[in-house]
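Letter by letter, the chains look like this.
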Amino acid sequence: MSASFVDLRRRPAVSAGQPFRALVVFAGAAAAAFMVTRAVGDEPLGFAIVIGTGVAIGTALFFSERYTVSLGFLAAYLGLADGFLKLRYGGNAITVVRDVLVLAIVAGAIVRLAVRKTAVTLPPATGLVVAWVVVVLLQLFNPANGTLMHSVQALRQQIEWVPLFFLGFAVMRTKGRLRGFFVLLLVVTTINGIVALVQYRAGPDAVAAWGPGYADKIYGTVDLAGRTFYQGDNKHLRPFGLGSDTGFGGNLAVLAAPAAWAFIALTRRRAAQFLGAILAAGVVLAAVTSQTRLAVIGTVVAFASSFAFAMATRRAVVAIVSLLVLGGIAYGAIAYIGHSSDQVFSRYSTILGRKAVTTPVSYKRGSFAQLPSLLEKHPFGAGFGSAGPGSSTPGAPATAKVLDAENEFNFLLIETGVLGLVTLLAFHVGAVLRSVAAVRRQRDPETRLLLAGIAAPLVAMLVMWFGGPVTGAPPGSPFLWFGAGVIAYWATAGAPPRRAGPARKAAAAEPVTATVAAAVAVPRPLDPVPARERSIASAARWSRTEPVATPQRPVREIALVSAGAAGPFDAIDGYTRQLARALDELPGFRSRICPLAEAASADAVLLQYNPFSWGRRGFAPELLGSMRRLRSQRRRPPLATMIHEPFVAPQDARTTVMAGWQRAQLAAVKALSDRVLAPSADAARRARGLGGPIPVVPVGSNLPDLRERRLEARDDLGVDDDDLLLITFERSRAGRVHAHVIAAVEAAREVTRTHLLVLGAEAEVPPELEPSGGVWVAGPVPDEELAHYLSAGDVFLADYADGLSTRRTSLVAALQHALPIVGTTVGRTDPELLDSDGIVAVEARDVAGFAAAVRSLAASPAVRGRRSAAARRLFEERFDWPVVARRLVRVIGLEA
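Residues numbered from 1 in each chain as written. Predicted model: local features only at pLDDT ≥ 70, side-chain atom pairs only at ≥ 80, totals over all residues. Heavy atoms only, no water.

> Any chance you could explain the overall build of the protein here in plain terms?
Broken down by element type, the protein carries 36 helices and 13 strands. Classification of the 896 residues of the protein by burial places 53% in the buried group. A separation threshold of at least 6 residues defines the contact pool for the protein, and within that pool the share at least 24 residues apart is 76%. Element-wise, carbon and sulfur atoms account for 61% of the exposed surface of the protein, whose accessible area totals about 37800 Å². (Helix = DSSP H or I, 4+ residues; strand = E, 2+ residues; numbered from the N terminus. Buried < 20%, exposed > 50% of the residue type's maximum accessible area, 1.4 Å probe, protein only. Contact = heavy atoms within 4.5 Å. Areas by Shrake-Rupley, 256 points an atom, 1.4 Å probe, with all protein chains shown as cover.)

Set out below in structure tokens:
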């Protein structure tokens, strides 16, 4: 979260009794698993504790909707604990913990989708995923199989990680989540590299004492070759790291090398660059100490793929600089490892220089020579669980560990037949091709670099198909499915829509879920024609000769006068600055913000009037003097006055006196003005007095349009996709009806998980609000930060005591960010607000009706989506700055 969001404070999201009840549930699950493990087996006490802890954590993951945390924990467990525990206790029984974690996350997500009846949009390549699962399940009926129990257990290595494809698609939708995943991956890889170096230095005998599984792997068994090699008379260990077999750290390095490169190449994030440089040394350490030549080659290919992605997206300078930095880091890390362990590089002598290609080819030639024979003899598979980790479980078929599965093609052919080989190969190739398109279509350089960090390992793993089975076990198999899911999102709805050209509108991004599509209107360009092209077109329209590249009519200058240009305080200075930018974009016009005394040379003057902006308690005799001096000049521009606030509403003796002189002052301002405008129908009615009708020109939004940050902002706040985020805005406590907010939040909580975000410089949480849901308050923050968090909302609560009005920039900002609005009316709300389907207006005294309207929106994502689109449409038609500017110049008598 941004450091400037300093006043954000979250109140407890659960009631006092819920944590205790949750603790009881988790503890009960852990105790049950512990007792069952102790009762049915003769495993050591530590084994039972691990099982019990795993079941308790799995129970928590089932109930958790924080999928980023759940997936992060799963990734950390796979990288740091799964393999170690398997070898520490020996056998495959401990993998039940991994199964519990995966099934808990997936089951929790499915149950929530079913209960809430949430419609989902399936990611690309779902057909291939379904086909792969069907092919694998059909293998259960292969007559060459072993026992039924063995075949069922063999399912794990083929389809256990398939759900990660859908979870990656649904979760990894922001740059922040990609960065977080990369940090976790780099840290896990570095830890494995350090452990592998320790194991290599300790030697085979010392590491064999770590557990029975380590001893079996190191010394070998009847069916298993030992994990050692000789250099002269010295026996060396091929380290495990924290995995279940040798080369685990190296395989992690294949996945993490592009992540390190991406962090170093993030030129706008110095902290990320520094972190990437430190952890890049860990990646080199993990690759080198793995003593696995295929992993080293894969790491080089992964980095080369990252470099190629950078060059393809025109980031050549960044790529070259990052290459030099990584080269220096790699040299330093290798020099340190070589100095401390002289023989660590001996296994790599056969892949140096040209041997990097010739050695793998010659080494795997015999394995590929078996491929025709396998195609002929086992076109439908040689028996489920004949190769890979599944072959080590009891009841395996007669072909287990007999056939050559030393490359991915042979492995898949043995396990799933020709149909399975073709299906998974098509899926992997499709993911690589889709990743190229996903990276190239991103306009944001940081997003391209982060996606390259996902895409490059997929390319490297495809190359590694020729060197060994990469999809049978972690970390390759989980990353394939997870990375393909991430790419599937960013290749479709994940990329921001491109701006349309002059002849067409921007295409809408494909929605990822019905809820998200309903809650976020698709960003569209405000005016698809660039300013210079508009000027040329305008010149051609007005000139009697052939069109030229410059306007033929004179440019008209509008002087904007506000207290911000002449005094210390101005509540509408932001409006003035935004209006100036919009006028500058109109062909034939330019603007200038200046004091009233310097406005005489302009073609027209627009004075921004709010009595409190020009004087203490709204008394501004200096302003009236400046207006008289301007009118006294022989050649003067027409003076238009925008009356943002006519006078204070009389409420007591003090405000009644203030209203008296402000009314008289307003009459003088109107008399000294050639034209009078108002930003709302109510302000026009109050300012009219004895004069004629006052035209209305509404205000625009003072905030940038950051709708594309919706998912990132919700991620920063910890709001899940299915949660409802209500937003209200208040500059101060004045003019707010907190009873409406309290009732709205409580009503929404009856139908869905609800959060409240209160924006505003002096905002406060209503003290009566029960803390049974997330409640945040934002203090003074910059405009961009304010828009960032406004983009996260689902419904905007406009609980104004004086009703909805087109003069409120907060209301317009909500429309700008496509938020359905539930607001109050006191009988003088602008008609254009009441006629829009994006706004639900309720009588200000009707608190129950206000709450019912919010509850209705909370219960129906489809209705929210319809009203969201209507809100954005109203903004584009009435409140977009180009529209406001054109309306303004027409009203003050200039041609637009």
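> It is not clear to me how the pattern of salt bridges should be interpreted in this structure. Could you clarify?
Opposite charge on two side chains permits them to pair, given that their charged atoms come into close proximity. This model, assessed by the stated rule, comprises 25 salt bridges. For Glu160, the salt bridge identified is with Arg98, shortest N-O distance 3.1 Å. With Glu160 in the loop between helix H7 (156–159) and helix H8 (163–171) and Arg98 in helix H4 (residues 95–116), the pair connects residues that are 62 residues apart, well separated along the chain. Of the charged contacts, one joins Arg866 and Asp837 as a salt bridge, the two residues approaching to 2.4 Å between their closest N and O atoms. (Salt bridge = Lys/Arg side-chain N within 4 Å of Asp/Glu carboxyl O.)

> Please clarify how the sheet that holds strand S12 (residues 821–825) should be interpreted in this entry.
In any sheet, the strands associate via hydrogen bonds between backbone groups, in a parallel or an antiparallel arrangement. Taken together, six strands build an open sheet; the order of strands is S10-S9-S8-S11-S12-S13 and the sheet is parallel. Edge positions in the sheet fall to strand S10 (775–777) and strand S13 (839–843), since each of these pairs with one other strand and no more. On average, each strand axis in the sheet is inclined to that of its neighbour by 20°, with strand direction left out of account. Pairing between strand S11 (residues 795–798) and S12: three bridges, direction parallel. Within the sheet, the bridge partner assigned to Ala798 lies in S12 and is Gly823. (Pairing = 2+ DSSP bridges. Axes fitted to C-alpha atoms, helices over the stretch in contact; angles between N-to-C directions.)

> Just to check I follow, could you spell out the confidence of the model for the protein for this structure?
If pLDDT is low for a region, its predicted coordinates should not be looked at in detail. Overall, the predicted model of the protein reaches an average pLDDT of 78, with 77% of residues at or above 70. Ranking the elements of the protein by mean pLDDT puts helix H21 (residues 514–519) last with 32 and helix H5 (residues 126–138) first with 94. Predicted confidence is poor over residues 1–20, with pLDDT under 50, and the contacts of this stretch with residues over four places away or in other chains come to 50 contacts. Note on residues 565–570: pLDDT under 50 across the span, and 13 contacts to partners over four residues away in sequence or across chains. (pLDDT = per-residue confidence, 0-100.)

> When you look at the packing of helix H34 (residues 847–859) against helix H35 (residues 861–879) in this model, what are you seeing that I'm missing?
When two helices pack together, their arrangement is given by the angle between the helix axes and by the axis-to-axis distance. The contact between H34 and H35 brings their axes to 5 Å, and the two run at 105°. In terms of orientation, H34 and H35 fall into the roughly perpendicular class. In this structure, H34 uses Leu857, Ala858 and Ala859 to contact H35, whose residues at the interface are Pro861, Val863, Arg864 and Arg867. Here the residues of the contact of H34 with H35 sort into five nonpolar, no polar and two charged. (Parallel < 35°, antiparallel > 145°, perpendicular 65-115°, else oblique. Nonpolar A, V, L, I, M, F, W, Y, C, P; charged D, E, K, R; others polar.)

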